[in-house]
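Architecture at a glance
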Amino acid sequence: MEEHVLNTAAPPTRLSLPTVLSLALALTLAACSTVDLASAPPAGPAPVVAAAVQPAEAASASAATASPQAVAVAAAGSASAPAAPASDAEAMDADDEDDGDTAKTGSAPAVLPPYDPLQPDTRVNLDDSAARSDLWHRVRDGFAIPDMDTPAVKQWEQWYSSRPDYVARMTARGARYLYHITQEVERRHMPTELALLPFTESAFNPQAMSVAKASGMWQFVSATGKDFDLKQNIFRDDRRDVLSSTRAALDYLQRLHDMFGDWQLALAAYNCGQGNVQRAIARNQKRGLPTDYASLNLPRETSEYVPKLQAVKNIVLHPEAYSLTLPPVGNHPYFLSVPIERDIDVDTAAKLANVPIDEFRMLNPQLDKPVILAAGTPQVLLPYDNADDFVRAVKAHPGALATWTVYSVGKTIRPADAAKLVGMSETELREVNHIPARMLVKAGSTLLVPRSAQHKADVSETVADSAAISLAPDLPPTRRVNMRVGKGGETVASVARRWRVSTTQVAAWNHVSASGKFAAGSTAVLFLPRSTSLARASSHPAATRVAKGKAAARTHVAQAPNARSGTHVATSKAPPRKGKAVVAHKGGTPGKTVVTKTRVAQP
């Protein structure tokens, strides 16, 4: 084949001497140009890795003038291509050696340059006159919701003005987030009164939790949060996330305004639900009454919701009239967003950013665990002055960034046994995974555990987004006992006391009221530990009839759910048969329970 190729090749071209000299000169010039280009600084944007170690001023400028996507593209274009490994085996070895520590492997940065999440393409100049102005002026200029003057407004004005310390703490917390919220409100062309709503919802506390289980500075309940794509799992709760919850709240308010065409009605619906507002409007329409906010019959909290916001608005407009002082708030970003590419412990991140842990959590309150999972957390927020320092510190960090990983439970297990398997104390396992006492961890659950030498890889996106933990009561194996009540009848409470179980349990087992009474001749169903002696049945005046002799030995085993063994044992002569029995309640309402013709066997 080789000879064939050579024979069919075109004959070599003869070059003249001038041509040869010209080619030689061209090659010489090319070689010189190559050396000059290699020694010259690269043109265009700097690579991402270089941005991580540049001075703070230069890093801030590059972060402000380029979006994260643009920076990534620039880095890919300006960085030289890495040399390919000599073989596939070498490539596999290189992958195996990557333990997730960027400082050791250098394969990819653990974090990317910081940027303003709302203005990634805009350079922020803190010396600019606009940045040095007071943000309160900008908030006041954007007020557009019609004012209201009612007794409720006066009451809330008095409430706030009589608590200057509370107002000071609230505004100090709000200073972290107010610029971002105002910027987002203005971008959507919404009235800036909405930027004050977290004052009334949560006192600008992103970790607030109401009695109704509403969470975050915008107070989302779980179901509404899911409707607006706020992730909630064992690792994070985006109802508390500063960026995500603000986006969701303004989306929700915009939807409500589009529905009602009125900001006061939209605010009322945000508080009590659009259905309640729609029904209140329908009632007034039916009666020929006005349908504005002040005319509707709404729940008490909702009827005071807009007046409370109006009171805050009045205080922002004229704080001196209420003997209050609003601290100046800079008209520039308080925080920057730093994209996270590798898992990192919360304590490590705060330390490398040189930020107190409490401040770090106030900016990143969505984090529920001591580790930040890069696959489920796109970025962390850091104070403006600390963001660049954090990027450089992560690059120079010599050790592992994350010391935690996940463990999938294969079968239902006690926390103490799980702790032994993963090499940690039971106390620490319970604390970090929020496992109460006397609970089992069910199969399929995901636990957060320390990393080991064998498990250094970052947590996958699937686990980071969908991991869950399921618990079950750690109860001893039980058996079902059908107790026939004697002539005098017996209350649910007295049955519970005699068998040393709770009244609530007896009521739930028999589908009756906890304050009710079992009628004479009816059957009470109990689920008792197998170690419980049934002799206790004969100790009550309304003695439960107990079968004796050979009948007691003939028992039927019935299957019923149990947290531990999956079965209950029903002690009876025959399989239970459904029937009716009258259960006397305090209110006189008859109930139902299971009746059988069997008696409790004496062991």
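Report follows, based on the coordinates. In this text the structure is predicted, and so the values were computed from the model without any measurement. (Residues numbered from 1 in each chain as written. Predicted model: local features only at pLDDT ≥ 70, side-chain atom pairs only at ≥ 80, totals over all residues. Heavy atoms only, no water.)

1. Describing unusual backbone geometry
Condition: Helix and strand labels come from DSSP, where a helix needs a run of H or I of at least four residues and a strand needs a run of E of at least two; each type is numbered from the N terminus. For every residue, the accessible area obtained with a 1.4 Å probe (protein chains only) is divided by the maximum for its type, and the residue is called buried under 20%, exposed over 50%, and partly exposed between those limits.
Here the phi dihedral of K213 falls at roughly 70°; this positive angle occurs in a residue that is not glycine. Note on placement: K213 falls in the loop between α13 (197-202) and α14 (222-227). According to the relative accessible area criterion, K213 is exposed, its value standing at 58%. You will see that Q219, though not glycine, has its phi angle at about 55°, which is positive. With respect to the helices and strands, the residue Q219 is situated in the loop between α13 and α14.

2. Describing the pairing of strand β12 (residues 523-529)
Filter applied, for reference: Pairing between two strands requires that DSSP report at least two bridges joining them.
The buried fraction of β12 is high, at six of seven residues. Summarising the sheet, strand β9 (residues 478-484) and β12 pair through seven bridges and their orientation is antiparallel. From the neighbouring strand, R484 faces β12, where its bridge partner is T523.

3. Comments concerning the pattern of salt bridges
For clarity, the threshold we go by: Just to be clear on terms, a salt bridge is a Lys or Arg side-chain nitrogen sitting within 4 Å of an Asp or Glu carboxyl oxygen.
With the rule as written, the count across this model stands at 23 salt bridges. In this structure, the salt-bridge partner of E193 is K313, at a minimum N-O distance of 2.8 Å. Of this pair, E193 sits in the loop between α12 (178-187) and α13 while K313 sits in helix α19 (residues 305-317), and the two are 120 residues apart along the sequence. A relative accessible area of 2% means that E193 is categorised as buried. Ionic pairing is found between D389 and R392, a salt bridge with its closest N-O pair at 2.3 Å. Separated by three residues within a single helix, D389 and R392 lie in helix α22 (residues 387-396), roughly one turn from each other. Judged by its relative accessible area of 33%, D389 falls in the partly exposed class. Through salt bridges with shared partners, a single ionic network connects E184, R187, R188, R247 and D251.

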